[in-house]
Amino acid sequence: MPLLEVRDLHVWFELPDGGEVHAVRGVSFALDRGERMGLVGESGSGKTTAIMAVMGLLPASASVAGRVLLDGRDVLAGGEEGLRPIRWRRVAMVFQGAMNALNPVRRIGDQLVEPMELHGVARGRRARLRAAELLELVGIPPARARAYPHELSGGMRQRTSIALALACDPSVLLADEPTTALDVMMQAQILELLGRLADELGLAVVLVTHDLAVVAQTCARAAVLYAGEIAEAGTVDDLYHRPRHPYTRLLFEATPDLWGEVAR
Ligand SMILES: Nc1ncnc2c1ncn2[C@@H]1O[C@H](COP(=O)(O)OP(=O)(O)O)[C@@H](O)[C@H]1O
Ligand SMILES: [Mg+2]
């Protein structure tokens, strides 16, 4: 049984003018413990909507159909009640642009302690200790817990937002464009970090990106999303060498240099 399974997921957004957008159209994928999978597609293809649906974090204008199974149990069936014990504690998310969304007036150590206390994972001194451990885990010296976000580099801020997602010790991390705002060197470091977390913690990672080269560096498997549907899915190697959908080829062609590096 897979750790996380998404079956025939649909999302519709109701528009203010009475119209409707069918943003996610029957998406299915499965993920094993410790596995890393890419969810790739151009801007507007439905990546963020699909993973926000898994977290149960879509706005009220959204309707969701389909199943999200965690260890075989449907987490959407129970509504908000069913999701609350799972969100952050079992399935966590790094939001698109998260590194810029850290609270600018709070020290990063305090920001790490907050979700632990909120979800009853740890409090007081134990939470502080765990915050230090988390910083160390993502490659930030624990003494930096006293730093404010603006005192950190973009890469360090992204590491902090990953640490935040890990605060309640989830088994699945949904990372939405975690490297998009970073330069190539920083990108490589964050991807290396995600790979290491998957290996060391047995964390399953869905890496959401518009960049197939990013997925090729990090994941063995990927699903290609096109206009809300999975155009094709398979090993990154197959997607590159034997694409069945012309769109997949186009996504690779968008980033020839990096892929060349990876393919060797
Ligand atoms: N809150 C919303 N209301 C209406 N339409 C939305 C909303 N959020 C996303 N969409 C639409 O859903 C589609 C998928 O968007 P999104 O999931 O953000 O794509 P991606 O993350 O792949 O760039 C787009 O057509 C977008 O305009
Ligand atoms: Mg997005």
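Procedures and definitions
Residues numbered from 1 in each chain as written. Chains lettered and ligands numbered in written order. Predicted model: local features only at pLDDT ≥ 70, side-chain atom pairs only at ≥ 80, totals over all residues. Heavy atoms only, no water. Helix = DSSP H or I, 4+ residues; strand = E, 2+ residues; numbered from the N terminus. Buried < 20%, exposed > 50% of the residue type's maximum accessible area, 1.4 Å probe, protein only. Donors = N, O, S within 2.8 Å, 3.2 Å for Na, K, Ca; no water. Contact = heavy atoms within 4.5 Å. Core = buried A, V, L, I, M, F, W, Y, C linked by side-chain atoms within 4.5 Å. Axes fitted to C-alpha atoms, helices over the stretch in contact; angles between N-to-C directions. Parallel < 35°, antiparallel > 145°, perpendicular 65-115°, else oblique. Left-handed = near helix turned anticlockwise from the far one by under 90°. Phe/Tyr/Trp six-rings, centres within 6.5 Å; stacked < 30°, edge-to-face > 60°. Lys NZ or Arg CZ within 6 Å of the ring centre and 35° of its normal. Near = heavy atom within 4 Å. Polar contact = N/O pair within 3.5 Å; in protein donor to acceptor, adjacent residues only side chain to side chain. Nonpolar A, V, L, I, M, F, W, Y, C, P; charged D, E, K, R; others polar.

Here the focus is unusual backbone geometry. Notably, Asp8 is not glycine yet its phi reads approximately 50 degrees, a positive angle. Tracing the chain through its elements places Asp8 in strand 1 (residues 4-14). With relative accessibility at 43%, the residue Asp8 sits in the partly exposed group. Despite not being glycine, Ala227 shows a phi value in the positive range, around 50 degrees. Given the relative accessible area of 43%, Ala227 is considered partly exposed.

The subject of this paragraph is the coordination of the magnesium ion (ligand 2). The coordination sphere of the magnesium ion (ligand 2) contains the protein donors Thr48 (OG1) and Gln96 (OE1), at a distance range of 2.0 to 2.4 Å. On the criterion of sequence distance, the pair formed by Thr48 in helix 1 (residues 47-55) and Gln96 in the loop between strand 6 (91-94) and helix 3 (108-118) is long-range, its members being 48 residues apart. The class of Thr48 is partly exposed, set by a relative accessible area of 28%. With relative accessibility at 48%, the residue Gln96 sits in the partly exposed group.

Another aspect to go through is helix 3. Taken together, the buried positions of helix 3 are Ile108, Gly109, Gln111, Leu112, Val113, Pro115 and Met116. Residues of helix 3 that are buried in the fold lie against helix 4 (124-137) and helix 5 (154-165). Once helix 3 finishes, Gly120 follows within two positions and takes phi at roughly 65 degrees, a positive value.

Let us now look at the nonpolar core. The biggest cluster of nonpolar side chains holds 48 residues, and the ones touching the most others in it are Met116, Leu134, Ile162, Leu207 and Val215. Top contributing element to this core by residue count: helix 6 (residues 184-201), with six residues. Aside from chain neighbours lying at most four places away, what touches Leu207 is Met37, Gly38, Leu39, Ala175, Pro178, Leu191, Leu194, Val214, Val215, Thr218 and Cys219. Grouped together as the second largest cluster of nonpolar side chains are 36 residues, Phe13, Met37, Ala53 and Leu174 included.

What follows concerns the packing of helix 3 against helix 5. As a packed pair, helix 3 and helix 5 sit with axes 9 Å apart at the nearest point and diverge in direction by 20 degrees. Taken together, the axes of helix 3 and helix 5 are roughly parallel relative to one another. Note on packing geometry: the crossing formed by helix 3 with helix 5 is right-handed. Residues Ile108, Gln111, Leu112 and Pro115 of helix 3 lie in contact with helix 5, whose contacting residues are Thr160, Ala163 and Leu164.

Here we come to the packing of aromatic side chains. Throughout the structure, instances matching the rule amount to two aromatic pairs. With a centroid separation of 4.4 Å and an interplanar angle of 50 degrees, the aromatic rings of Tyr226 and Tyr247 are classed as tilted. Remark: Tyr247 occurs in helix 9 (residues 246-253) and Tyr226 occurs in strand 9 (residues 221-226); sequence separation between them is 21 residues. Since its relative accessible area comes to 37%, Tyr226 is described here as partly exposed. The residue whose ring lies beneath Arg249 is Tyr240, and the NZ or CZ to ring-centre distance is 5.9 Å.

We now examine the site of ligand 1. Around ligand 1, the neighbouring residues are Phe13, Leu15, Ala23, Glu42, Ser43, Gly44, Ser45, Gly46, Lys47, Thr48, Thr49 and Pro59. One nitrogen or oxygen atom from the main chain of Gly44 is found 2.7 Å from an oxygen atom belonging to ligand 1. In this structure, an oxygen atom belonging to ligand 1 sits 3.0 Å away from a main-chain N or O atom of Gly46. Here the element with the most residues in the shell around ligand 1 is helix 1; it accounts for three residues. Split into classes, the residues belonging to the shell around ligand 1 amount to four nonpolar, six polar and two charged.

Its location among the elements puts Glu192 in helix 6. Under the relative-accessibility criterion, Glu192 is labelled partly exposed at 48%.

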